[in-house]
Amino acid sequence: MQLNIEKPERVYLQIEKVVGDIVHKLSAPSDDESIEAAKSESRQILKDLQSNINKQLSELRENADWETFTIAFYGETNAGKSTLIESLRILLKEASKMEEQRKFKEWESETEISDDHVETLRQEIDQLEEKIEQHKKAWINYEKEFDLNTKSFKRTSKDLKFKIKHKKKGVGFWQRVIWLFRPFEEQVELKEAKAEFKEAKSERTSYKKNYSNEALSLKISFTKKKSENQKIEKVLSDAIQHADGGIIGNGRSDYTLDTQRYLFTSGSQKFAILDVPGIEGNETKVVNSIWSAVKKAHAVFYVTSKAAPPQKGDDNNSGTLEKIKAHLGAQTEVWSIYNKRITNPMQLEKPEIISDDEKLSLEVLNQKMQEQLGDNYQRCLSISAYPAFLASSTCLVPASQEIRNQKKFLTNRSREELLERTNMQSFLDMLTGNMVSDSRAKIERSNINKAHQVISGAHEQVFLLQKEKFIPLLEQLKNEVRDAEIQLDAAVNTFKARLSNTGRSLIEDFKRDSRKEVYAKIEKNISNDEFKTVLKNCITKNQEKLSDKLPSTMKRELRRFENNLKDIIKKLNRQTGDLLKVYKNVGNTEIELNIDLKNGINTTSLLMSIIGGGLLFWNPAGWFVLAPALATLVFQVYKAVRSFFSSSYKMAQQKKSVDENLDRVESVFISEFDKGLSESMRELSGKISEIKEGMQLSIGHIFEINQSLKLAEHELSNLSDSLEYTA
C-alpha cells in the first residue's frame, strides 16, 4: 500500500485513515455463524490494535513541530545537560539569556557592587571575627594567670603569717618594740607581697576596662560589617535570578521537572533546544515531560557523565539502555555526548581531555547505542561542560564559587582558548553548521519516521502475536484435538467390544440355563410331545429373563462410556483453556485476548443425544422376537418302536434336539443382537462425528483469527514500507 502524502503535517491523520481502512476491510462480517464467532474475536483484536495506533499518532500529532528544527538534550540525572545548554544560550545569544544578562548588568550598574568589594568586605568580617576570638582568648589567658597569682599570694601570705606568729611567741616586750621600728624579714616579705598583690589588682581593673572597651569596639565594627554584608547579600540574591547558570541543577534528582525550550538563531537557521528532565530521577514526576520532549524532537543528544555504555536493567526495573531504546527508538538522528567532569585547570594540561581508557570505553558505548538504535545513531562527542560554561559566562554573582572557579580556569588561558580546549567550540560549529542545515527536510524525515516507528511497532506486534501466540496455539490445538479424537475412537471401540461381549455372555447364559433346565426334565423320561412343550416354554421363559436382564447391564456399560466420554471432553477443554492462558502471556503485546476455545464443542447437547440414542440398549427386547426363534425349532420324527422299547435312546435323541435347537435359537439371538448393536453403533458414530466436528471448530476458530492477523500483518508491512520509503 503506497501512502500518498499531500502535506507532511497531515501525515498522522492520513495514516489513521489508512489504518482505519485496513481494519474495516478485514472486519467484514460472515454469514457462517461458526466463522462469525472467530471474526468477532478478530475484529476486537484489530480494533484494539487500531486504538493503540491512533493513540500514539494522536500524541505525535499533538507534540509534532513542523516549523522549527528541535534538538532534545536527554540523559541521566546530573549529567550536565543544563550546563551545556546554558553555555550555548550565552554563546549563541539566545533571546531570554540576553534579557537575563541585560538585567544582570543593569543590576551591576545600579548597585556598583564589585567582586573585589564583596571579597574585601568578607575578608574584613573574617579578620574581625578572628580578632574578636583572639581578644577573647587573651582575656581568658589573663584571667587564668591572675587567678594563679591570687592563689600564690594567698599561699605565701598564709605561710608568712604563720612564721611571724610563731616567731613572736616567747619574745620580750622590748624586742617587740624594736620590731615595730625595724621589722624582721618575714614582716618585710609579707608587706611587699601585699603591695604587689594590690598593684596587680589595680592593673587587672585597668586591663579589664581596656578589654571591655576594645571588645565593644571590635563588636561594633564586626556588627557594622556584618550588617553591610547582609545588605549586600540581599542585593546579591536579587542578582542570582539573572546571573549565568540559573538553569544548572544543584544535584537533586528532581531539580528539573518540566522540559524547558530555548529558541536559537544561527545565520539564517532557526532551531530549538529542549532541556529534558533526567531519566534516572523520580521518573513518576517527569515521565510525561520526557515522552513529550522526545516526540517533539527531530534530533537528540544523549548526555552522560560516565565513559561507559548505559547500564541494562533487570526483571524488575528498566535500565538506562532499555529507557534509551524506548524513548529514542523513533529518532532519525541520535548523538551521545560524554561530559568529562573537570574541576581543576591542571586536568586541561594533557594533550586531550579524555584518556585512552576512556576512548576504549566510549567505543563500547557507541557499539551498544548502535545495537539499540541502528543507523539512526551517529557517534559520541566528548566535551567538558563546566569549564566551557565558565569560559562563556560574563554575568556571575560577585564572590560566588563560580566566579572564583572562573578566575582559576582563566588564569593562564583566554576564554577562547578554554572553549577550544574543552571541545565546546568544535561542538558549537557542528551544531550551527551541518546539524541544522537543510532543517526542513530533516523535520519532515524525523516526523514521518516517528509515524513509521508506530506502524512498524504495530506490524511487529501483530507479527509476534501471530508467530508467538496463534501459530503455536493452532499447532498445539491440532495436537490436542488429534489426541482427543484418538481417545474418542478408542472409547467407542472399547464400548462396542464391551457391549458385544456382554450381550454374547448373557445369550450364552440363556443357552446354558435353558439346556440345564430341559435336560433335567428329560431325565424324568418325558414323552416327545411333552418334551416339545417343555422346550418351547423354557425358551420363552428364559428369553423373557434375558430381556429383563439385558437393559440394566447395557445401562451400566452406557454410563461407563458416558463418563469416559465426559472425561475426554473435559480434559480437552481444560487443556485448551490452559493453552490459552499460556499463549496470552507469550511476547510483550498489549492487545487483550478474550478467546473462548470451548465454543465449538456443545458437550451437554451431544451427550444427551448420545444417551437418548442409547435407549435402544436399555430396552433390547425388540431384538429378540420369539416367533422367529421358535420357528427355527426342528423336531425329528423318532422311530416309535425303538423309542418305545429304549427310553435311553429317546432321552439321548431329545437332548440332541435340545442342543440343536438351542444352537439355532442362539444363532438367531446373536444375529438379532449384532444387527441391533450395529445399527446403534452407526447412530453413535454419527454423534461422535459431531463431537469431532465441534473440536475442529475450535481449530477453525483460531485459524480464522490467525488468517485475519496474517492479512493485517501483510497490510501493515506494506504501510510500514511505504512510510520508510517516504521518510
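Heads up: these notes are all about the structure in this document. (Residues numbered from 1 in each chain as written. Predicted model: local features only at pLDDT ≥ 70, side-chain atom pairs only at ≥ 80, totals over all residues. Heavy atoms only, no water.)

**Looking at the overall build of the chain**
Quick reminder of the rule: Segments assigned H or I by DSSP are reported as helices when at least four residues long, segments assigned E as strands when at least two residues long, and all are numbered from the N terminus. Two residues form a contact once any of their heavy atoms are found within 4.5 Å. Per-residue and other accessible areas follow the Shrake-Rupley method at a 1.4 Å probe size, with only the shown protein chains counted as cover for residues.
What the chain contains, in helices and strands, is 21 helices and six strands. Intrachain contacts of the chain at a sequence separation of at least 6 include 83% that bridge at least 24 residues. About 39100 Å² of surface is accessible on the chain, with carbon and sulfur atoms providing 49% of the total.

**What about the pattern of salt bridges?**
Using the following cut-off: Salt bridges are defined as contacts in which a side-chain nitrogen from Lys or Arg sits within 4 Å of a carboxyl oxygen from Asp or Glu. Exposure classes here rest on a 1.4 Å probe applied to the protein chains alone. A residue is buried below 20% of its type maximum, exposed above 50%, and partly exposed in between.
A full pass over the atoms with the stated rule returns 34 salt bridges. Here Lys225 makes a salt bridge to Glu124, at a shortest N to O gap of 2.8 Å. With a gap of 101 residues between them, Lys225 in helix H7 (residues 185-240) and Glu124 in helix H5 (residues 115-168) connect regions that are remote in the sequence. We classify Glu124 as partly exposed; its relative accessible area is 28%. Residue Lys566 pairs with Glu562 through a salt bridge whose shortest N-O separation is 3.3 Å. Of the two residues, Lys566 and Glu562 both sit in helix H16 (residues 528-584), four residues apart, roughly one turn of that helix.

**Quick look at helix H11 (residues 385-392)**
Buried residues dominate H11, accounting for seven of its eight residues. Along its buried surface, H11 packs onto helix H3 (81-91), strand E5 (334-339), strand E6 (377-383), helix H12 (401-409), helix H13 (415-421) and helix H14 (424-435).

**Some thoughts on the packing of aromatic side chains**
The cut-off we apply is this: Geometry of aromatic contacts follows a simple scheme: Phe, Tyr and Trp rings, the Trp one being its six-membered ring, pair when their centres are within 6.5 Å, and the pair is stacked under 30 degrees between planes, edge-to-face over 60, tilted otherwise.
Under the criterion given, the structure shown has 15 aromatic pairs. A ring pair is formed by Phe73 and Phe301, whose centres lie 5.2 Å apart and whose planes are at 40°; its orientation type is tilted. With a gap of 228 residues between them, Phe73 in strand E1 (residues 69-75) and Phe301 in strand E4 (residues 299-304) connect regions that are remote in the sequence. On the basis of relative accessible area, Phe73 is assigned to the buried category, the value being 0%. Relative accessible area serves as the criterion here: at 0%, Phe301 is assigned to the buried category. Where Tyr74 meets Tyr302, the ring centres are 6.5 Å apart and the plane angle is 50°; that geometry is what we call tilted. You can see Tyr74 sitting in strand E1 and its partner Tyr302 sitting in strand E4, a full 228 residues away along the chain.

**Re a negative patch on the surface**
Defined as follows: A patch consists of residues exposed above 30% relative accessible area that lack any salt bridge, with like charges linked at up to 9 Å and nonpolar side chains (Val, Leu, Ile, Met, Phe, Trp, Tyr) linked at up to 5 Å. In this charge count, Lys and Arg are treated as positive and Asp and Glu as negative; neither His nor the chain ends contribute. Charge positions are represented by NZ for Lys, CZ for Arg, CG for Asp and CD for Glu.
Judged by side-chain charge, Glu185, Glu189, Glu192, Glu196, Glu199 and Glu203 come together as a negatively charged surface patch. By the element assignment, Glu196 lies in helix H7.

**Points about a positive patch on the surface**
Taken together, the side chains of Lys555, Arg556, Arg559 and Arg560 define a basic patch exposed on the protein surface. Tracing the chain through its elements places Arg560 in helix H16.

**Re the pairing of E5**
Put simply, the rule reads: Strand pairing is assigned whenever DSSP detects at least two bridges linking the two strands.
For E5, the buried fraction is high: six of the six residues fall into the buried class. On E5, burial covers both faces: Val334, Ser336 and Tyr338 on one face and Trp335, Ile337 and Asn339 on the other are all buried. Where E4 and E5 come together, five bridges link them in parallel fashion. Directly across from Thr304, in E5, lies its bridge partner Tyr338. Relative to E6, E5 runs parallel, the two sharing five bridges.

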